[in-house]
Amino acid sequence: MNFAPFAPLKATDIDGNVKISVWGRDYVQNRHYFPDSMTTQGRELLYAPMRLTGIANEEPIIWEDEGCYLLSESEEKAIVNGYAQSQCLIVNSCIQYDYDGGARWDIRVMPRGKTVAQEFGLAPITIKGWELTELNLEIPLKKEGMTLYNTWRAAWDGDNGVHQGDNPLPENGGIPKGGIQMPFMPSVWLGDEKAGFSLCTESDELWQPKDKESAIEIKDCGDHWLLTYHLLSSLPKRWKHPDMNSTALSWSFGLMTTPVKPFNNDYLKMRAVHIDCFIKVQGDYWPFLNGSVSDENPETVIDRLCEAGVNVLILHEKWNTIQNNWNVPVNRAKEIHKIVELCHSRGIKVIPYFGYEITSAMPEYSVVRDEVTNLMDGQDYPPTAWYRVPYQRANRVCYNTEWADKLVEGMMNCLDTFHFDGVYLDGTTNPNPCCNLKHGCGYVDEEGKAHSTFPMFSRRAIMQKICGGVHDRGGIVNPHPGGATIPFIYSGTDLLWDGEHLQTRIRDEGLSNFSLEYYRSEYLGVNLGIPAQFIVYEFGDTWTFDMALSLCMIHGTYPRPNAVWHPLDVMEKVWNITGTFGIWDATFCGYWENAQVMTTSDDNCKVSFYERKMLNGETRLLVLLGNPTTRDIDALTVTIHPEAFGKKTVVSAYNAMNNCDMALPISLPMPAFGSGMIEVILK
């Protein structure tokens, strides 16, 4: 197996001290029923071992006789079993690690039974009851390195239920002093700008928290955080009359530390344009590419792309007549071949769209619809949804079905047939809530009410198959996660394109309610190990591509143009500046970590930079300025401390956006939502 960019998994078991090593990370279980150490990039994340706490028979649960062992090992996978018993309970833990560091973690709790001697009356029975009335999964985390949080529950309006007391909080952001609370949350990531810890889960079926709005807590314990999952606060409903024969209770999680793989700047060489997304193309793609840019500009679109240096073209859903399908009509297939050949002849890679639907235009629709469609709570039959031309309607599909394998096979056939250079995935792998009992999603509670589940494991499985197949063909995997930046699912991908769910929020509220901590938790890329580009939909003068640069550039991420006129003109200029500087060979330093080397006269204006050490002894900086506020700054002064770089003086400064030299010290106006790029030489 080709593990790149990961590494073969290594596992050891020395007298019950088990260690799992994957790229950049270690998971350790030293004779404990749960992991007691997790390191990433040499940094310990845990403050103390993970644990189960609770109350049984009106007494705190005390686990004894605990231990663990390595059940199996290979370069691809290792399984670690843990165990312990209390006065009346047994806990089993089974963690199945994959080579990317992602692990399925099953926790099983059951009554402790009789020994053989007790069964035959040869020893006294000391167990007096099995009244389990509280059970919590507790993960103590070091405060150092845990400043940001990221949650996901498929709420595009941001109302995930995250709160601190009566104060609602956004779905992502900085962990406030005092901690936070939230309802059942399918995905939680905690970390900082460099690393983190992620835990996801599919179902709240066996959860019985006292307060459903605080089922999960990040408790402020002074010198550490305590991530607490309140699994039970009353006798399990499945234990109506608890005794030694009561059924085992099982909770399943997806566990992963980040970054998941090596992060480098090579993705910055990608000059991608995504046509027909939000800004729609009139007509088919072949005549569009060969037609003029506009009535005022007779230059052909393909020539315009080449002139701008575009090297990746993403085709949106209209590349195929049938929505999100691999069956391509005969005449359309001829057109696709011509598009790919044209682009390849110009040095441009071509990536097609795949999405999240089945459509009434496909041959199998009537046979598979009811079984594979994604159903939400309260839906008995698939609703007729997305409408497009040529006339058809599409239903959201759930890939926790056999349809997942059909999609992967169809994708690979398309790549082989048309020589595509990868795939763009629009929500294909999002673990959206599903309540279709026909294929195993959802559950029915004791009152007969159906509830959705979040199919994390099937989404991870389909992504592993897609990444494996596409990478074997030398291609790019580029998902649009719709806010579901879940490393357990997306670890193998090459580049995320995200932020669509924020566009109308930013349009309506500006950036006033959008914190920089929010951006760093979801779009920074390096802390997850998965690069990201930001989606920008322009809404007149309310929210523009240029305004987005004030937010993106200071984080070392960039928006992707979705049209061949504007905003391609904006990114062409940015690409030329960053390409000339060679940012993929440079070291990035963000505003959150560079206060000792670079400051501004206004704290609301942020400054980050790329650094290159030259063979002639100079240090060159590409300084990135952003003013993500509504306030104009007439004269922003940027102070660079050359001694922090081992240099004596700032030699020169050049305004790369305006193509002019700058006087020293550096000072320039910075309008609301403005940005700037300044090339600086230090000696």
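Anything mentioned here points back to the structure above.
So, how was this worked out
- Residues numbered from 1 in each chain as written.
- Predicted model: local features only at pLDDT ≥ 70, side-chain atom pairs only at ≥ 80, totals over all residues.
- Heavy atoms only, no water.
- Helix = DSSP H or I, 4+ residues; strand = E, 2+ residues; numbered from the N terminus.
- Rg over C-alpha atoms; globule rule 2.2 N^0.38 Å.
- Contact = heavy atoms within 4.5 Å.
- Areas by Shrake-Rupley, 256 points an atom, 1.4 Å probe, with all protein chains shown as cover.
- Lys, Arg positive; Asp, Glu negative; His and termini not counted.
- Charge placed at Lys NZ, Arg CZ, Asp CG, Glu CD.
- Buried < 20%, exposed > 50% of the residue type's maximum accessible area, 1.4 Å probe, protein only.
- Pairing = 2+ DSSP bridges.
- Core = buried A, V, L, I, M, F, W, Y, C linked by side-chain atoms within 4.5 Å.
- Salt bridge = Lys/Arg side-chain N within 4 Å of Asp/Glu carboxyl O.
- Patch = residues over 30% accessible without salt bridge, like charges linked within 9 Å, V, L, I, M, F, W, Y side chains within 5 Å.
- 1 Å grid on protein atoms, 1.4 Å probe; cavity = no way out; pocket = protein on both sides within 12 Å on 5 of 7 lines; lining within 4 Å.
- Points joined across faces, edges and corners; volume = space filled by probe spheres on them.
- Nonpolar A, V, L, I, M, F, W, Y, C, P; charged D, E, K, R; others polar.

Draft legend 1. Local environment of the overall build of the chain. In terms of regular secondary structure, the chain is built from 12 helices and 44 strands. Rg of the C-alpha trace for the chain: 27 Å, near the compact-globule value of 26 Å for 683 residues, within the 12% margin. Projecting the C-alpha coordinates of the chain onto the three principal axes gives extents of approximately 95 × 65 × 50 Å. By sequence separation, contacts in the chain at least 24 residues apart represent 68% of the contacts at least 6 residues apart. By element, 49% of the accessible surface of the chain is carried by carbon and sulfur atoms, the whole surface being about 27,500 Å². Both charge centroids of the chain, one from 58 positive and one from 86 negative side chains, sit 2 Å from each other.

Draft legend 2. Molecular detail of unusual backbone geometry. Cis rather than trans, the peptide bond between His566 and Pro567 has omega equal to 15°. Locating Pro567 in the fold gives a position in the loop between α11 (545-552) and α12 (568-581). Along the chain, Leu664 connects to Pro665 via a cis peptide bond; the corresponding omega equals 0°. As for its placement among the helices and strands, Pro665 is situated in the loop between β42 (660-662) and β43 (666-670). Positive phi outside glycine occurs at Phe673, with the angle close to 60°. Take Phe673: its relative accessible area is 12%, and that puts it in the buried class.

Draft legend 3. Examining the sheet that holds strand β27 (residues 357-359) more closely. Taking strand neighbours across the sheet as the criterion, the three strands line up as β27-β29-β28 in an open arrangement whose pairing is antiparallel. Because the sheet does not close on itself, it has two edges, and the strands there are β27 and β28 (387-388). Bridge count for β28 against strand β29 (residues 392-396) is two bridges, and the pairing is antiparallel. Its bridge partner being in β29, Tyr387 is matched across the sheet by Arg393.

Draft legend 4. Highlighting the nonpolar core. Of all hydrophobic cores here, the largest spans 189 residues; its most connected members are Leu52, Leu137, Phe197 and Leu305. Residues Cys589, Met598, Met662 and Val680 belong to the second largest nonpolar core, which totals 23 residues.

Draft legend 5. Highlighting the pairing of strand β33 (residues 476-480). Within β33, five of the five residues are buried, which leaves the element mostly enclosed by the surrounding structure. Neither face of β33 is exposed, since Ile476, Asn478 and His480 on one face and Val477 and Pro479 on the opposite face are all buried. Looking at chain direction, strand β30 (residues 422-426) and β33 are connected through five bridges and run parallel. Bridging across to β33, Asp426 finds its partner in His480.

Draft legend 6. Molecular detail of the pattern of salt bridges. Following the criterion strictly, the structure yields 27 salt bridges and no others. For Asp508, the salt bridge is made with Arg507, and the minimal N-O distance between the two is 2.9 Å. Residue Asp508 is classed as exposed on the basis of its relative accessible area, which comes to 54%. Beyond isolated ion pairs, a larger network of salt bridges with shared partners links Lys77, Asp98, Asp100 and Arg460.

Draft legend 7. View of a nonpolar patch on the surface. Judged by side-chain polarity, Tyr69, Leu71 and Tyr83 come together as a nonpolar surface patch covering roughly 280 Å² of accessible area. By secondary structure assignment, the location of Leu71 is in strand β8 (residues 64-73).

Draft legend 8. Inspection of empty space enclosed by the protein at higher detail. Applying the stated rule across the entire model yields three cavities of 30 Å³ or more. As a volume, the largest cavity reaches approximately 120 Å³. Looking at the largest cavity, it is lined by 13 residues, and the ones nearest its centre are Leu268, Met270, Gln533, Tyr558 and Trp575. The leading source of residues in the lining of the largest cavity is α12, at three residues. Among the residues making up the lining of the largest cavity, the classes are represented as 10 nonpolar, two polar and one charged. Computed from the structure, the second largest cavity encloses a volume of approximately 80 Å³. Along the walls of the second largest cavity sit 13 residues, with Trp152, Ala155, Glu171, Gly483 and His501 positioned nearest its centre. For the lining of the second largest cavity, the per-class residue count stands at four nonpolar, six polar and three charged.

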